[in-house]
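Structural description and commentary
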Amino acid sequence: MEAAPASGVVPAVEIEKCVANAEDVESEPVAAADRRAEESVPPWREQVTVRGLVAALLIGFVYTVIILKLALTTGIISTLNVSAALLAFLSLRGWTRALGRLRLGAGGAPRPFTRQENAVVQTCAVACYTMGFGGGFGSSLLALDKKTYELAGVNTPGNAPGSY
């Protein structure tokens, strides 16, 4: 064991170089990433498909109803981007599997949704429910009418008689 220098600084320990082993588990994800990088991105006409847009409209409709219900009842708007993306992925995966089991795809097996189609579906679904709220349909001002005032009751705190 070497003595530390008088200045109190400990010398750095050298790290030995390791030869890459063919059975190295940690280098496998890098190889998979390299294969993905070699894949070509399809043109936009193959990314925006009719089946993708139909799926996006259905998911967007469901989330529009949810976000408008939340906006009009609580006045709170949460971003449902992650749940919309998850629902889109799961519904597309289920749709493809159901068609495969029913043998309704071309040649007996349906073409699975690509990564790009998934991204388009998620983006369109989020845009659908954002337009529903952003267009003013989820405004809490819609709840401020005479009928709501009467349903809440005149004795409710904040409701002064004749203030509607």
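As a reminder, the structure under discussion sits directly above these lines.
Cut-off values and rules
- Here, residues in each chain are numbered from 1, in the same order as that chain's written sequence.
- Selection of residues for local features in this predicted model requires a pLDDT of at least 70, selection of side-chain atom pairs for listing and counting requires 80 or more, and totals for whole chains, interfaces and linings are taken over all residues.
- No hydrogens and no water enter the side-chain calculation; it runs on all heavy atoms of the structure.
- Salt bridge, as applied in this entry: a Lys or Arg side-chain nitrogen positioned within 4 Å of an Asp or Glu carboxyl oxygen.
- Secondary structure is summarised from DSSP: a helix means a run of H or I of at least four residues, a strand means a run of E of at least two, and numbering begins at the N terminus for each.
- Exposure categories follow from relative accessible area, calculated using a 1.4 Å probe and restricted to protein chains: below 20% of the type maximum is buried, above 50% is exposed, and the middle band is partly exposed.
- To form a nonpolar core, buried Ala, Val, Leu, Ile, Met, Phe, Trp, Tyr and Cys residues must be joined to one another through side-chain atoms within 4.5 Å.
- Pairs of residues are marked as contacts when any of their non-hydrogen atoms sit within 4.5 Å.
- Every axis in this analysis is a line fitted to C-alpha atoms, fitted for helices over the stretch in contact. Angles between the N-to-C directions lie between 0 and 180 degrees.
- With the far helix as reference, a near helix turned anticlockwise by less than a right angle produces a left-handed crossing, and one turned clockwise produces a right-handed crossing.
- Only Asp, Glu, Lys and Arg are considered charged, only Ala, Val, Leu, Ile, Met, Phe, Trp, Tyr, Cys and Pro nonpolar, and every remaining residue, Gly among them, polar.
- Note on aromatic pairs: the rings of Phe, Tyr and Trp (six-membered ring only in Trp) are paired at centre separations within 6.5 Å, and the planes decide the class, stacked below 30 degrees, edge-to-face beyond 60, tilted for the rest.
- Two conditions define a charge located above a ring, namely a distance within 6 Å from the ring centre to NZ of Lys or CZ of Arg, and an angle within 35 degrees of the ring normal.

Before going further, it helps to examine the pattern of salt bridges. For side chains bearing opposite charge, pairing can occur when the charged atoms are close. Going through the model one piece at a time under the given rule, you end up with one salt bridge. Between E117 and R51 there is a salt bridge; the shortest N-O distance is 2.9 Å. Taken together, the residues span a long stretch of sequence, with E117 in helix α5 (residues 115–137) and R51 in helix α3 (residues 50–73) at a distance of 66 residues. The class for R51 is partly exposed, based on a relative accessible area of 23%.

Moving on to the nonpolar core. The biggest cluster of nonpolar side chains holds 14 residues, and the ones touching the most others in it are I59, Y63, L80, L92, V121 and Y129. Where this core is concerned, the elements lending two or more residues are α3, α4 (81–102) and α5. Ranked by the residues each element gives to this core, the list is headed by α3, at five residues. Sequence-distant contacts of V121, that is, excluding residues within four places in its chain, are made with G52, A55, A56, I59, A88 and L92.

The N-to-C vectors of α3 and α5 enclose an angle of 35°; their axes lie 7 Å apart at closest approach. Viewed along their axes, α3 and α5 form a crossing whose handedness is right-handed. Considering only residue class, the contact of α3 with α5 consists of 17 nonpolar, four polar and two charged.

Within this structure, the stated rule accounts for two aromatic pairs. With a centroid separation of 6.1 Å and 35° between ring planes, the pair formed by Y63 and Y129 is classed as tilted. In this pair, Y63 sits in helix α3 while Y129 sits in helix α5, placing the two residues 66 residues apart along the sequence. Given a relative accessible area of 5%, Y129 falls into the buried group. With 5.8 Å between their ring centres and 50° between their planes, W95 and F113 make a pair best called tilted. In this pair, W95 is assigned in helix α4 and F113 in the loop between α4 and α5, connecting sequence segments 18 residues apart. With relative accessibility at 32%, the residue W95 sits in the partly exposed group. With a relative accessible area of 13%, F113 lands in the buried category. The ring of F113 has R51 lying over it, and the distance from NZ or CZ to the ring centre is 4.0 Å.

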